[in-house]
Amino acid sequence: VVQQRRRFRLRSIVFDTIWPPEAELTAGCNRLWTRVRNRLAWRSEHVHDVPVWRCSCGIHATSDPELAAEYLYLYSEVHQPHVVYRAVGLVSLWGSVVEGESGWRASHAYPKRLFLPPSQRRRDVEAIRDGLAEYGVPVDILNGSETPIARAVQRVRRERRRRRYAATQSG
Amino acid sequence: VEIGEPQRTYTVEPIEDPVPREAPPPDEDPVEPGREPEEVPGR
């Protein structure tokens, strides 16, 4: 989740692509090596139709809640301006789809439901939840372990705490 | 997200629009343009 002026928006974890509210996200191929090989400017037209079998492009989603929960912390050690929080969720995918062993890559997507991990900064998270309501889909702050995604986030957070603790003991 | 080795490709046409788009404003009756005041020949 990034903050743009006073609005909260969903952004790709890997690219600076913003998910627009009330409009589908359409994928383009942004792979650096593809652009270098074809001598294309970083922000020129797309290299090829998206997604294709031989590339890794497309909007990614996984069928494994635990794998999705891991992405709540991807690049969390890297300073990313405007990033105020992380969200995970269910997504509608359509158009061209490549199905993999544990998920999909698609040409079109829109969030179906969003979840925010709990935080001690409760009011901040509530403000983010309210701001993300512009997407017109349910936004929930995860609490407890009733759903598969809540349990997955709990497990991932517990494992991260355990690893951090182990690192302090070994250092 | 790492999705593993590709297994198959296909096209998905959603049955209903997955995007909750804001409803367009209702059509309004066309407004009749204001009439220019008729020139009255002076006396």
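Residues numbered from 1 in each chain as written. Chains lettered and ligands numbered in written order. Predicted model: local features only at pLDDT ≥ 70, side-chain atom pairs only at ≥ 80, totals over all residues. Heavy atoms only, no water.

1. What to know about the overall build of chain A
- For chain A, the count of helices and strands is four helices and eight strands.
- Helices and strands appear in chain A in the N-to-C order β-β-β-β-α-β-α-β-β-α-β-α.
- Within chain A, the proportion of its 171 residues that are buried is 38%.
- Of all intrachain contacts in chain A linking residues separated by at least 6 positions in sequence, the fraction that spans at least 24 positions is 60%.
- Surface exposure of chain A reaches about 10400 Å², of which carbon and sulfur atoms provide 50%. (Helix = DSSP H or I, 4+ residues; strand = E, 2+ residues; numbered from the N terminus. Buried < 20%, exposed > 50% of the residue type's maximum accessible area, 1.4 Å probe, protein only. Contact = heavy atoms within 4.5 Å. Areas by Shrake-Rupley, 256 points an atom, 1.4 Å probe, with all protein chains shown as cover.)

2. Thoughts on the overall build of chain B
- Secondary structure assignment for chain B yields zero helices and one strand.
- The buried share among the 43 residues of chain B stands at 7%.
- With an accessible surface of roughly 4600 Å², chain B has 49% of that area assigned to carbon and sulfur atoms.

3. Observations regarding helix α3 (residues 122-132) of chain A
All names here are of chain A.
- Buried within α3 we find V125, I128, G131 and L132. All buried residues of α3 fall inside an arc of 120° around its axis, so they share one side. Along α3, the residues that are exposed and aim more than 90 degrees away from the buried face are R122 and R123.
- For α3, the secondary structure elements touched by its buried residues are β2 (7-11), β7 (103-116) and β8 (139-141). (Arc of directions from axis to C-beta.)

4. Some details on a nonpolar patch on the surface
- The grouping of V14, Y75 and V78 of chain A at the surface amounts to a nonpolar patch, some 270 Å² of accessible area in total.
- Here Y75 of chain A is to be found in the loop between α2 (65-70) and β6 (88-100). (Patch = residues over 30% accessible without salt bridge, like charges linked within 9 Å, V, L, I, M, F, W, Y side chains within 5 Å. Salt bridge = Lys/Arg side-chain N within 4 Å of Asp/Glu carboxyl O.)

5. A few points about helix α4 (residues 148-170) of chain A
Residues and elements named next belong to chain A.
- For α4, spanning 23 residues, the distance from its first C-alpha to its last is 33 Å, which sits close to the expected 33 Å at 1.5 Å a residue.
- Residues of α4 that are buried include every one of I149, A150, A152, V153, V156 and R160, and no others.
- Tucked inside the fold, the buried residues of α4 contact α2, β6 and β7. (Expected span 1.5 Å × (residues − 1).)

6. Details of the state of the cysteines
Residues and elements named next belong to chain A.
- Using the criterion set out here, one finds zero disulfides over all chains in the structure.
- The thiol of C57 is unpaired, and the distance to the nearest cysteine sulfur, on C55, comes to 3.7 Å.
- Here C57 falls in the buried class, since its relative accessible area comes to 5%. (Disulfide = S-S within 2.5 Å.)

7. Quick word on the confidence of the model for chain B
- Taken over all residues, the pLDDT of chain B has a mean of 77, while the share at 70 or more is 60%.
- As scored by the predictor, the complex reaches a pTM of 0.81 and an ipTM of 0.78. (pLDDT = per-residue confidence, 0-100.)

8. What to know about the side chain of S92 of chain A
- Secondary-structure assignment places S92 of chain A in strand β6.
- Ignoring sequence-local partners within four residues, the contact set of S92 of chain A consists of H108, A109, Y110 and K112 of chain A together with P18 of chain B.

9. A closer look at the sheet that holds β2 of chain A
All names here are of chain A.
- Pairing in this open sheet of three strands is antiparallel, and the strands run β1-β2-β3 from one edge to the other. For this open sheet the edge positions go to β1 (2-4) and β3 (18-19), each flanked by a neighbour on one side alone.
- Strand direction decides the pairing type here: β1 and β2, joined by three bridges, are antiparallel. Bridge pairing links V2 to R9 in β2. (Pairing = 2+ DSSP bridges.)

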